[in-house]
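Chain by chain, the residues run as shown.
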Amino acid sequence: MNSKLTITCLLIFMFVTTGKVMSSSDITLTEFPGLQQQMFVYRDTVKNVDGRFPGFSPWFMIYPDKPCNKEQAEALIRELGIDKYLSEYSATVSVVNPIGNSYDNAKDFDAYKELLNKLRVFTNLKIIGIGSGATFVNNTIANHAGAVAGIVSINGKSFGLKSVGASVPAFIAGANSKHVASSYIKRNEAVMQSKSGELAFYANEQEPLLQVVVSTDKQKSLKETFDDAWTHLLSKNYRFNNYKHTWYTGTSFDQYGPYQLEPYIMPDEWNVSRLAVEKDLLGTGTFLWYEFHPQAIQNAPKASVPLLLLLHGNNNDPRTQAETSGFIEVCAKENFMVAELEWQGNGYAPMGLDGIELVVYHLLETYPQLDPSRVYAEGLSAGSATATALGIRKSHLFAAVGGHSAGLIPNRYAFGYSLEALLNEATQKRSYVEMPYFSITGTDDETVPFPNQENWQENTFFHAWKTYQTMNGMAVTDQLDFNKYDLFGLELKDRQTLHTNKNISMETGSLYKGNVPLIKLVAVMDYGHWNFKPAAQLMWDYFKLFARNPETKELIYKP
């Protein structure tokens, strides 16, 4: 396995807690160095326990009607009301002046490209144009908006978007709003969805996140207009690119094509409450975890609600999986509880596998509606390796486990276990214990590579599949044969190609023991090292086929 898992694998979002709460008077802009144009920027650094995951937090980039000095830029941010969003969403705000006294489409667009190349990693870029700044955005940036999560145009003009180019969510307001919006509607292939007062809503039928919202109220203040834009458009999605590379390694302008649109989780809007819990269960220090409770489960009958644990990647922020895996969206639809654990510590006590088990017992005791026969675990990268280990070590506790972007690491001790120890335990349990296992990864993952002809002997995924074959009493694959079996290197049943509205497909198949698909494999084609949100429903559909008798610990399969 590539050693980057413990060094590079998502080390960039370590969690820091603080009780500080920012007020609007705390905003002090600084000038971003080394740019052609003058840009003032403020980055919120408050990552309090009640805040949001900063990795995909919004970057509000404002193009003003005319050049601003630092004080004018700060006043504009407050006039828009953006300051109130910065702390809660760990956001960034900047004001970008034109190079000259007015916007020059060619020069200012070159400066915009240079800015994105300097940033390298950005995932939730929100472009706000006002007056002549909106006109520049509509006629220049909007024609190259494959990396932009949303555009707000206020009192701008449009001379028509080009007939080709990436689509982009847009909120159009003020003078000329209907004319400006028509170009975005056409580009997005959006159709009318509804009207509410002065607001009209359009969306692409294949990709609902690809919206255009039109406001015809010319009397609203900038703050009222921005609040509408946040509520109806900007809060709905983020955008990142994991195609043929991994997003956090960075890209240059248009290097990998249009970015993916993904839902930005807004639990309250989905009737899901979030609770941050700090508790010492082992006497070794305080644990931290986050709970997500759909409203429908709060008064559910005893032992009727499944529980899913999420485990973040190596030294990630403990909200990583909740906000980027897709499982909060799924739990809102399917009514199960989710808990994401700060299993490594990072300012809290590390849990270890025993601590994770104690958290489960605490949750089952605290919430009688939870079903002890339907407890599941899933993780990303190092969290995937840990979930994979839990399925073997704590097989009495879980009905199924799965993981994204890692399996079991050979030849060294990592994350509280060694492959040799797990394989010995799997061998001892062989034919006595069965554990369903869901394994998913991107085929272009450079951090933890997908199995191939050259790397399969020491490949983390191959060792996970083999260890689960061993414990489940299945025929054990000693070597992968890519000449005989394409992509996965072993014979799978139920092979399918699943197409998504992200222009990314998944290849799937299963390994059976009798009539039970005890191992399900998924390859996300041309995808790097990260979660793929559409796979969350696929994993959950697999998990819910299984339960475990709380008394006998036997696996129950309900196709």
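1. Points about the sheet that holds strand β21 (residues 437–442)
Strand order in the open sheet made by the 10 strands is β13-β14-β16-β15-β17-β18-β21-β24-β23-β22, with mixed pairing throughout. Both edges of this open sheet fall to β13 (272–279) and β22 (493–499), since each of them pairs with a single strand only. Neighbour-to-neighbour, the strand axes of the sheet open up by a mean angle of 15°, direction not taken into account. Docked against the sheet, helix α9 (residues 327–334) engages β13, β14 (287–294), β15 (305–311), β16 (337–341) and β17 (370–380), running at close to 155° with respect to β16. Strand contacts of helix α11 (residues 382–393): β15, β17, β18 (400–404) and β21, with the helix running at about 140° to β17, the strand carrying the most contacts.

2. Observations concerning the pattern of salt bridges
Two side chains carrying opposite charge are able to pair once their charged atoms lie near each other. Counted by the stated rule, this structure contains 23 salt bridges. Between Asp 110 and Lys 113 there is a salt bridge whose closest N-O contact spans 3.6 Å. Of this pair, Asp 110 and Lys 113 both sit in helix α4 (residues 105–119), 3 residues apart, roughly one helical turn. Under the relative-accessibility criterion, Asp 110 is labelled partly exposed at 40%. For Asp 371, the salt bridge identified is with Arg 374, shortest N-O distance 2.8 Å.

3. Structural notes on the nonpolar core
Phe 60, Ile 62, Ile 82, Leu 309, Leu 341 and Leu 363 are the most contacted members of the largest nonpolar core, which totals 146 residues. Non-local contacts of Leu 363, meaning those with residues more than four positions away in its chain, are made with Trp 289, Glu 291, Leu 307, Leu 309, Met 337, Ala 339 and Leu 370. Counting 37 residues, the second-largest nonpolar core is a separate cluster that includes Trp 59, Leu 116, Leu 119 and Ala 142.

4. Let's talk about the sheet that holds strand β7 (residues 170–173)
Reading across from one edge, β1-β2-β4-β3-β5-β6-β7-β10-β9-β8 is the order of the 10 strands in this open sheet, with mixed pairing throughout. Two strands bound the open sheet, and with one partner strand each, they are β1 (30–31) and β8 (190–196). Judged from the 5 bridges that link them, strand β3 (residues 59–63) and strand β5 (residues 125–130) form a sheet pairing that is parallel. Following the sheet pairing, Phe 60 is matched in β5 by Lys 126. Together, β2 (39–43), β3, β5 and β6 (148–154) form the strand contacts of α4, whose direction differs from that of β3 by roughly 160°.

Conventions adopted
- All residue numbers here refer to positions counted from 1 along the written sequence of the relevant chain.
- Given that the model is predicted, a residue must reach a pLDDT of at least 70 before its local features are reported, and side-chain atom pairs must reach 80 or more before they are shown or counted; all residues, however, enter totals for whole chains, interfaces and linings.
- Hydrogens and waters are ignored; side-chain quantities use all the structure's heavy atoms.
- Two strands qualify as a pair provided DSSP detects at least 2 bridges between them.
- The numbering of helices and of strands both runs from the N terminus, where a helix is a DSSP run of H or I of at least 4 residues and a strand a run of E of at least 2.
- Angular values range over 0 to 180 degrees, each being the angle between N-to-C directions of two axes fitted as lines to C-alpha atoms, with helices fitted over their stretch in contact.
- Whether two residues are in contact is decided by their heavy atoms, any of which lying within 4.5 Å being enough.
- Salt bridges are counted wherever a side-chain nitrogen of Lys or Arg sits within 4 Å of a carboxyl oxygen of Asp or Glu.
- Exposed residues in this analysis have more than 50% of their type's maximum accessible area, buried residues have under 20%, and partly exposed residues fall in between, with area computed by a 1.4 Å probe over protein chains only.
- To define a nonpolar core, start from buried Ala, Val, Leu, Ile, Met, Phe, Trp, Tyr and Cys residues and group those joined through side-chain atoms within 4.5 Å.

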